[in-house]
Amino acid sequence: MLHVTRNPVAAAHLVAVQLDELLAQVAAPVLLLPTGSTPQPLYALLRARFAAGTLHMAHCQTFNLDEYWPCRADSPLSFRHFMENELFQHSDLPPAAIAFLDGTVSTDEIASHCLAYEQAMVAAGGVDWCLLGIGVNGHIAFNEPGTAANSVTRLVQLAASTRQRPGFPQGNDAPKAGLTVGIQTIMSAKKIIVMACGIEKAESVRRALEEPRSIHTPASLLRAHSNVIWVLDEAAATALQNGGRTLS
Ligand code: GLP
């Protein structure tokens with residue numbers, strides 16, 4: 001299903017309604033969450049609702065899609081730091097309900113850490129709701145073009161196009177690698193919601209939705225899932241046939 005909304009704030013409102021449905025329908029929801037600029041309006045909306053006492057997520061379990069490696073959780077660069085500021089510290093999520101990839105694991109520990117992360121999702125009952133952004137190169141989480149469809153949580157090198165994006169940390173400390181869930185991990189979620197906003201996402205959205213499915217556009221692989229909702233703003237939909245309105 002495809003929704004084209006007026007702007008990023010409208011997209012956030014639409015996703016918040018989807019979240020409300022999840023919270024009403026599932027007793028102990030398991031969420032897999034993204035970082036990046038795309039979900040920021042949604043997280044702002046959720047923060048306001050936590051502050052107003054109209055949102056309760058104490059019964060949820062969250063995982064996040066990815067983390068830089070090597071990277072300490074308390075580094076201002078880390079995705080954990082981003083999530084603490086954007087959502088967790090403003091929420092009623094108990095610390096024990098927040099699972100995160102650890103950017104400080106040693107090379108020797110990576111395989112077991114990634115396997116344990118996969119197993120924790122399964123032990124929690126599986127991911128009910130995976131929220132995704134999309135990279136300008138069509139990546140999802142840190143699954144860069146060329147990633148196998150059966151990929152699971154692992155260490156990856158970041159694509160040059162990802163590292164050159166405005167806002168990506170630069171300089172000597174610039175991350176070159178990350179720990180990320182795989183495409184198979186994402187496809188195992190019961191429901192997937194993909195958000196894309198802004199003209200810079202229009203071409204990757206078009207390739208994801210209108211070109212043949214290919215590992216060269218990881219987001220296109222999502223079309224093999226039976227329960228995916230795309231939430232775009234008008235700018236991100238501009239390269240689609242009829243601005244996306246023929247698709248639904
Ligand atoms: C990053 C993250 C992705 C995110 C994407 C888009 O590299 N690993 O999870 O969806 O890039 O980021 P943004 O929303 O800032 O455009």
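You'll find the structure just up there.
This section reports on the structure supplied with the text.

Rules and cut-offs
Residues numbered from 1 in each chain as written. Predicted model: local features only at pLDDT ≥ 70, side-chain atom pairs only at ≥ 80, totals over all residues. Heavy atoms only, no water. Helix = DSSP H or I, 4+ residues; strand = E, 2+ residues; numbered from the N terminus. Rg over C-alpha atoms; globule rule 2.2 N^0.38 Å. Buried < 20%, exposed > 50% of the residue type's maximum accessible area, 1.4 Å probe, protein only. Contact = heavy atoms within 4.5 Å. Areas by Shrake-Rupley, 256 points an atom, 1.4 Å probe, with all protein chains shown as cover. Lys, Arg positive; Asp, Glu negative; His and termini not counted. Charge placed at Lys NZ, Arg CZ, Asp CG, Glu CD. Polar contact = N/O pair within 3.5 Å; in protein donor to acceptor, adjacent residues only side chain to side chain. Axes fitted to C-alpha atoms, helices over the stretch in contact; angles between N-to-C directions. Parallel < 35°, antiparallel > 145°, perpendicular 65-115°, else oblique. Nonpolar A, V, L, I, M, F, W, Y, C, P; charged D, E, K, R; others polar.

### Considering the overall build of the protein
- The number of helices and strands found in the protein is seven helices and nine strands.
- Here the protein has a C-alpha radius of gyration of 17 Å; the compact-globule value for 248 residues is 18 Å, and the two agree.
- Oriented by its inertia axes, the alpha-carbon framework of the protein measures out at about 50 × 40 × 35 Å.
- Evaluated residue by residue, the protein yields a buried proportion of 54% over its 248 residues.
- Within the protein, residue pairs in contact and separated by at least 24 positions form 78% of the contacts whose partners lie at least 6 positions apart.
- Accessible surface, the protein: about 10,700 Å² in total, of which carbon and sulfur atoms supply 54%.
- Measuring between centres, the 17 positive side-chain charges of the protein sit 6 Å from its 21 negative side-chain charges.

### Here's the deal with the side chain of threonine 180
- Tracing the chain through its elements places threonine 180 in strand β7 (residues 177–180).
- Among the polar contacts listed, one links the side chain of threonine 180 to the backbone nitrogen of phenylalanine 142, at a separation of 3.0 Å.
- When neighbours within four sequence positions are excluded, threonine 180 is seen to be in contact with Leu65, Asp66, Leu101, Ala141, Phe142, Asn143, Val152, Thr153, Arg154 and Val156.

### Points about helix α7 (residues 202–210)
- Those residues of α7 that fall on the buried side of the exposure criterion are Ala202, Ser204, Val205, Arg206, Ala208 and Leu209.
- Those residues of α7 that are buried are in contact with β1 (2–5), β8 (191–196) and β9 (228–233).

### Describing the packing of helix α2 (residues 40–52) against helix α3 (residues 79–86)
- Put simply, α2 and α3 touch, their axes get as near as 10 Å, and they point 40 degrees apart. Relative to α3, the element α2 is oriented oblique. Of the residues in α3, those touching α2 at Gln40, Tyr43 and Arg47 are Phe82, Met83, Asn85 and Glu86.
- A per-class count over the contact of α2 with α3 returns three nonpolar, two polar and two charged.

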